Amino acid sequence: MNVKTIMVIGAGQMGSGIAQVCAMANYKVFLHDLKEDFVQRGLDSISRQLSRQVEKGRMAAEEREAVLERLHPSTSIQNAADADLVIEAVVENMDVKTQMFKMLDEMAPEHAILASNTSSLPITEIAAVTKRPERVIGMHFMNPVPVMKLVEIIRGLQTSDEVYNVIETVTKQVGKVPVEVNDFPGFISNRILMPMINEAIFALYEGVAEPEAIDEIMKLGMNHPMGPLTLADFIGLDTCLYIMETLQEGFGDDKYRPCPLLRKYVKAGWLGKKSGKGFYTYS
């Protein structure tokens, strides 16, 4: 199967990043969201990213224009009818994702592959709401998408070898490194990362150290490029909480219990960088 047209569902930070790297790899891309304003915001973000590449001499101005011409705004889910591959990048919520996959299953052509950018939710469960579970797969890009090289490729219980091979090829063509994992809560990246972030929050909650000290210790002592509390703010504390709850429910193990301080911050609306306040304050 030859993928020529990709539809990305969700024009937020992740979705627009995925759309950008796909367009840069010569795919025709539909960037879809509920409202024109959301789509335009995503396209503007891509345009700014590409302009910076031109300013730094990493891309010719003509190449930037060619990439932007391959991007097509979409507010109609019916555009999925023209896609060979659909990559869903909506909110990390099972009900929202399953409703979206039911619609995509109706709209997308029979040969199309339906991929989810979920960071923790079971692909098998998402695939089960479609009539093509063998053509459903996980493609977990890392944030920020244009910079980070990894894509976790998650096989559902029924994902076919053919579909895996196509997605592996597409991943390489968009300049990423595919790594195969099986369908367990949190996969590998968040199964390891989120408990570390949660433990850092417990250390703050228990008064072991201040946020700056916790982050500095992990940066200087463990050679992490970013401290766990800064990273949590960057990811979004609501997303961190949701993934910890997914891990706890999926494994039935209290070692994944979210820290009460994390719950408190989320209830207060302190979601990190996107809300202006989390473990740190952002202007």
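Cut-offs and rules
- Residues numbered from 1 in each chain as written.
- Predicted model: local features only at pLDDT ≥ 70, side-chain atom pairs only at ≥ 80, totals over all residues.
- Heavy atoms only, no water.
- UniProt positions renumbered as here; feature names shortened; annotations may be inferred.
- Helix = DSSP H or I, 4+ residues; strand = E, 2+ residues; numbered from the N terminus.
- 1 Å grid on protein atoms, 1.4 Å probe; cavity = no way out; pocket = protein on both sides within 12 Å on 5 of 7 lines; lining within 4 Å.
- Points joined across faces, edges and corners; volume = space filled by probe spheres on them.
- Nonpolar A, V, L, I, M, F, W, Y, C, P; charged D, E, K, R; others polar.
- Salt bridge = Lys/Arg side-chain N within 4 Å of Asp/Glu carboxyl O.
- Buried < 20%, exposed > 50% of the residue type's maximum accessible area, 1.4 Å probe, protein only.
- Pairing = 2+ DSSP bridges.
- Axes fitted to C-alpha atoms, helices over the stretch in contact; angles between N-to-C directions.
- Contact = heavy atoms within 4.5 Å.
- Phe/Tyr/Trp six-rings, centres within 6.5 Å; stacked < 30°, edge-to-face > 60°.
- Lys NZ or Arg CZ within 6 Å of the ring centre and 35° of its normal.

The chain has the name 3-hydroxybutyryl-CoA dehydrogenase in an unreviewed UniProt entry, where Fictibacillus marinisediminis is given as its organism. Under the Sequence similarities (unreviewed entry) heading, UniProt states for the chain: "Belongs to the 3-hydroxyacyl-CoA dehydrogenase family." The heading Pathway (unreviewed entry) in the UniProt record of the chain holds the text "Lipid metabolism; butanoate metabolism."

Now for the UniProt feature "domain: 3-hydroxyacyl-CoA dehydrogenase NAD binding" (unreviewed entry) in the chain. Following the UniProt record, the feature "domain: 3-hydroxyacyl-CoA dehydrogenase NAD binding" (unreviewed entry) maps to residues 6-183 here. In residues 6-183, the share of helix is 41% and the share of strand is 22%. The end C-alpha atoms are 24 Å apart.

Reported here for the second largest pocket is a volume of approximately 300 Å³. Around the second largest pocket, the lining is made up of 17 residues, and of these Gln 20, Met 24, Gln 53, Pro 146 and Val 147 lie nearest the centre. Residues of the lining of the second largest pocket, tallied by class, amount to six nonpolar, five polar and six charged.

Turning to the pattern of salt bridges, a few remarks are in order. All chains considered together, the criterion is met by 11 salt bridges. The partner of Glu 216 in a salt bridge is Lys 219, with the nearest N and O atoms 3.6 Å apart. Highlighted residues: Glu 216 and Lys 219, both in helix α8 (residues 211-222), separated by three residues, approximately one helical turn. We classify Glu 216 as partly exposed; its relative accessible area is 38%. Residues joined by salt bridges that share partners form a network here, namely Glu 88, Glu 92 and Lys 97.

Here we have eight strands laid out as an open sheet, ordered β3-β2-β1-β4-β5-β6-β7-β8, and mixed in their pairing. The sheet terminates laterally at β3 (71-74) and β8 (177-182), the two strands that pair on one side only. Sheet twist, expressed as the mean angle between neighbouring strand axes with direction ignored, is 25 degrees. Both strand β1 (residues 5-9) and strand β4 (residues 85-88) contribute to a ladder of four bridges, which runs parallel. Across the sheet, Ile 6 pairs through a bridge with Leu 85, a residue of β4. Helix α4 (residues 94-107) rests against β1, β4, β5 (113-116) and β6 (136-141) of the sheet, and its axis sits at about 165 degrees to β5. Its contacts with the sheet place helix α6 (residues 161-173) against β1, β4, β5, β6, β7 (150-155) and β8, and it is angled at close to 175 degrees to β7.

Before going further, it helps to spend a moment on the packing of aromatic side chains. This structure, assessed with the given rule, holds four aromatic pairs. For the pair Phe 202 and Tyr 205, a centre-to-centre distance of 6.3 Å together with 70 degrees between the ring planes defines the contact as edge-to-face. One end of the pair, Phe 202, and the other, Tyr 205, are both in helix α7 (residues 189-205), three residues apart, so they sit about a helical turn from each other. In this arrangement the basic side chain of Lys 277 is found over the ring face of Trp 270, its NZ or CZ atom lying 4.5 Å from the centre.

Quick look at unusual backbone geometry now. The peptide bond linking Asn 143 to Pro 144 adopts the cis configuration, its omega dihedral lying at 0 degrees. Structurally, Pro 144 can be placed in the loop between β6 and β7. Positive phi outside glycine occurs at Asn 26, with the angle close to 75 degrees. Mapped onto the elements, Asn 26 comes out in the loop between α1 (13-24) and β2 (28-32). With phi around 60 degrees, Asn 223 is a residue other than glycine that occupies positive phi space. Within the secondary structure layout, Asn 223 lies in the loop between α8 and α9 (228-235). The exposure class of Asn 223 is exposed, given its relative accessible area of 69%.

Here the UniProt feature "site: Important for catalytic activity" (unreviewed entry) sits at His 140. Secondary-structure assignment places His 140 in strand β6. According to the relative accessible area criterion, His 140 is buried, its value standing at 7%. Not counting residues up to four positions away in its chain, the partners in contact with His 140 are Ser 116, Asn 117, Thr 118, Ser 119, Leu 150, Val 151, Glu 152, Ile 154, Phe 187, Ser 189 and Asn 190.

Moving on, we come to the side chain of Thr 98. Note on placement: Thr 98 falls in helix α4. Thr 98 sits in the buried class, given a relative accessible area of 11%. Residues contacting Thr 98, with those up to four places away along its chain left out, are Glu 125, Ile 126 and Val 129.

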